[in-house]
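# Summary of the model geometry
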Amino acid sequence: MSEMVNRKFQYLEESYEVLACLGNRPGQEVFLVRRKNDGKIYIKKYVSAKSVEVYTRLQDIVHRNIPRIYGVAQGEDKGIVIEEFINGETLEEYMEKRGVLEENQVCSIVREICSALFVVHNRGIVHRDIKPENVMISNDGVVKVIDFGIARNIKEGKTQDTEILGTAGYAAPEQYGYGQTDARADIYATGVLMNRLLTGELPAQHLYSAPFLRDIIKRCIEMDARNRFQTIQELKGSVETTGIRPERKTEEKRF
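Residues numbered from 1 in each chain as written. Predicted model: local features only at pLDDT ≥ 70, side-chain atom pairs only at ≥ 80, totals over all residues. Heavy atoms only, no water.

### Examining the packing of aromatic side chains
According to the stated counting rule, one finds three aromatic pairs in the structure shown. Between Phe31 and Tyr46, the aromatic rings sit 6.0 Å apart at their centres with planes inclined by 80 degrees, giving edge-to-face as the arrangement. Here Phe31, found in strand β2 (residues 28–35), pairs with Tyr46, found in strand β3 (residues 41–47); they are 15 residues apart in sequence, far enough to count as distant. Residue Phe31 shares its accessibility class with Tyr46, and that shared class is buried. Both rings, one in Tyr42 and one in Tyr70, keep their centres 5.4 Å apart while their planes meet at 80 degrees; by these two values the pair is edge-to-face. Of this pair, Tyr42 sits in strand β3 while Tyr70 sits in strand β4 (residues 69–74); the two residues are 28 residues apart in sequence, bridging distant segments of the chain. We classify Tyr42 as buried; its relative accessible area is 8%. Take Tyr70: its relative accessible area is 42%, and that puts it in the partly exposed class. What links up through ring pairs into an aromatic cluster is the set Tyr16, Tyr42 and Tyr70. Lying across the ring of Tyr94, Arg98 places its NZ or CZ 3.8 Å from the centre. (Phe/Tyr/Trp six-rings, centres within 6.5 Å; stacked < 30°, edge-to-face > 60°. Helix = DSSP H or I, 4+ residues; strand = E, 2+ residues; numbered from the N terminus. Buried < 20%, exposed > 50% of the residue type's maximum accessible area, 1.4 Å probe, protein only. Lys NZ or Arg CZ within 6 Å of the ring centre and 35° of its normal.)

### A closer look at the packing of helix α4 (residues 103–122) against helix α5 (residues 183–199)
Axes are the key here: two packed helices are described by the angle between their axes and the distance separating the axes. The N-to-C vectors of α4 and α5 enclose an angle of 160 degrees; their axes lie 11 Å apart at closest approach. Looking at the two axes, α4 sits roughly antiparallel to α5. Read as a crossing pair, α4 and α5 show a hand that is right-handed. The segment α4 lies against α5, with Glu103, Val106, Ile109, Val110, Ile113, Leu117 and His121 engaging Ala183, Asp186, Thr190, Leu193, Met194, Leu197 and Leu198. Its residues placed into classes, the contact of α4 with α5 shows ten nonpolar, two polar and two charged. (Axes fitted to C-alpha atoms, helices over the stretch in contact; angles between N-to-C directions. Parallel < 35°, antiparallel > 145°, perpendicular 65-115°, else oblique. Left-handed = near helix turned anticlockwise from the far one by under 90°. Contact = heavy atoms within 4.5 Å. Nonpolar A, V, L, I, M, F, W, Y, C, P; charged D, E, K, R; others polar.)

What follows is the structure in structure tokens.
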């Protein structure tokens, strides 16, 4: 490893004061930190070496629905990432307080998720872990797709992923070794997330029953990726068409 790379890692390591540990799981440690020279608050992550390439490709993205990446460096055996701190709560936390959401609110959230994924997919990156814990709503109402810890770059010529990763219930079948994941894996997970926001349950447990959104969810979660929406923009267009209807109450059981 070059001396310059080592210096960058050391600089990011030493420039921030740790305030709290926000999470610790294999391959990723997350801390709330304060930058020493100006007191601004950020997120510092230690990530796997494989994640460094993805975060490096995200670093120049400026988009309201994606946290800014301010610094990335590779160390001896792990990477370090400095990321925007989002003052808000995850969709999981939001639902714990309020229960299931109304259709128009779900459409609004999904449109913003699709906007974020459109930019990510255009960079050849698949998130692979879209779920309520990985989507935040900031205190000023902006939806943010977070945690690219198991995201991957699409590899031309590959027939399947080299690692089986994802969250059970949200991960598309191809994430379990049935093929290489592409944008349609994130479409699958977004469909599952929609169902969870509307019913509190996964589609396998209880599929949302009202028309329009039910049909969108069913198409998202087709086992064969060829039968799903083929692009995130196609999914967004269908949600936008549904979301312009007059607001209606969600006729599903609550928590």
